Amino acid sequence: MARIVLWLLGSIMALGVSGCSLKYTVDEPPAAGVRYQQVKVQPLTLRMVDQRSDVHFMVGISGLERVSLSLTNLDDPVAWLGQALVRELNGRGVPVRLAVGGSAAPADITFTVKRFQLINHRASGFSAWESYTLLLGQVSMGEKSCLIPSFFFNSKLPVWSMDEVQKPCISDPLAITVKEVASKVNQCLFQYAAGPDELQRLVSAAQSTVKPDSPTACFPLIDLGGSNNPVAMPVLQQFANAGDSFVHNCAVSAIGTLGARDQFAFLDERFEHFAANDRVMPLKAIGDIGDKQALEFLRKVQVSPLYTEEHGVRYCTDLYLSR
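Criteria and thresholds
- Residues numbered from 1 in each chain as written.
- Predicted model: local features only at pLDDT ≥ 70, side-chain atom pairs only at ≥ 80, totals over all residues.
- Heavy atoms only, no water.
- Core = buried A, V, L, I, M, F, W, Y, C linked by side-chain atoms within 4.5 Å.
- Buried < 20%, exposed > 50% of the residue type's maximum accessible area, 1.4 Å probe, protein only.
- Helix = DSSP H or I, 4+ residues; strand = E, 2+ residues; numbered from the N terminus.
- Contact = heavy atoms within 4.5 Å.
- Expected span 1.5 Å × (residues − 1).
- Polar contact = N/O pair within 3.5 Å; in protein donor to acceptor, adjacent residues only side chain to side chain.
- 1 Å grid on protein atoms, 1.4 Å probe; cavity = no way out; pocket = protein on both sides within 12 Å on 5 of 7 lines; lining within 4 Å.
- Points joined across faces, edges and corners; volume = space filled by probe spheres on them.
- Nonpolar A, V, L, I, M, F, W, Y, C, P; charged D, E, K, R; others polar.

1. Here we look at the nonpolar core
Grouped together as the largest cluster of nonpolar side chains are 105 residues, with contacts concentrated most on Phe111, Phe151, Leu221 and Leu224. Broken down by element, this core gets its largest block of residues, eleven residues, from helix α3 (residues 166–189). Those residues in contact with phenylalanine 151, other than ones at most four positions away along the chain, are Tyr132, Thr133, Leu134, Glu180, Val280, Met281, Lys284, Gly312, Tyr315, Cys316, Leu319 and Tyr320.

2. Focus: helix α2 (residues 77–91)
With 15 residues, α2 should cover 21 Å at 1.5 Å per step; its first-to-last C-alpha distance of 21 Å lies within 8% of that length. The set of residues buried in α2 consists of Pro77, Val78, Trp80, Leu81, Gly82, Ala84, Leu85, Val86, Glu88 and Leu89. Packed against the buried residues of α2 are β2 (44–50), β5 (96–98), β6 (109–122), β7 (129–141) and α3. Measuring from the backbone nitrogen of valine 78 back to the side-chain oxygen at the start of α2 gives 3.2 Å, which picks out aspartate 76 as the cap. The positive-phi residue at the C-terminal boundary of α2 is glycine 93, with phi of around 100°.

3. Focus on the layout of surface pockets
Its volume calculated, the largest pocket comes out at about 360 Å³. Forming the walls of the largest pocket are 17 residues, and the residues nearest its centre are Gln187, Arg261, Asp288, Ile289 and Arg323. For the lining of the largest pocket, the elements supplying multiple residues, two or more each, are β8 (144–156), α3, α7 (245–258) and α9 (280–289). Tallied by class, the residues present in the lining of the largest pocket amount to eight nonpolar, five polar and four charged. If you add up the space inside the second largest pocket, you get close to 310 Å³.

Following this line, the structure appears as structure tokens:
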């Protein structure tokens, strides 16, 4: 009897995501959770430039390919990113404002978006919804210029309603992207960092609030990754060994953001240890290293069976090798 009920439920859900329309809203990203010390910069203007070759943002593949996916409050992803990025940097203590659209006045910082997509995969009505959030941008200020990639994977098996995927597969990954991009902009242009007291606060917050199956488990770890303080690394390694998928994926992503040049062996071990789809996050963190050894690792993955078997692995590998 239980099998029949599960089959009926799966069949109903499969019908619910085939040949129909699904509309979602994007929550505003949580306020900045980390504050930098000794910020000494005059207010700066940031100009967003849209150079995406593919402007289709909310993409469905596999079982979602014939489903019309849309975000009701995100008509212009690049403008949304610019506004969210300014809020995040201001929250960290870095005074930035958006340049007026269409103004001929020069901006202090230019962020050029080359790719920005939210790709959604679901094999069937019985399987989890997986989302892959990809961004590739270029930030420039004076003679400083850096290519900034960002990738995050998460999944959710909806049980009662397709609305259940909104937060874990749409709003949270986009918020994580904003925070990662802000961290990498800071590393490229300013190199501000959280001081000892702030770092201790972040560590305490992570150790007291990050729990398995908690919908807020990710952001304290992402804040540690954005601290730009290497003292946070052992704490992130601790959480990267957690059994909960969401917890260890967020921790590994944060390791890459924090700066993982001396963490290749640890990330390689996590890559081998994690289940197939979770292996994409150590791969992302290895991509963040970006040196010869890391790129060679990505090229080997690109010709492995895992590259063709796992959508997330393919998207992440291609993103980081396009740098």
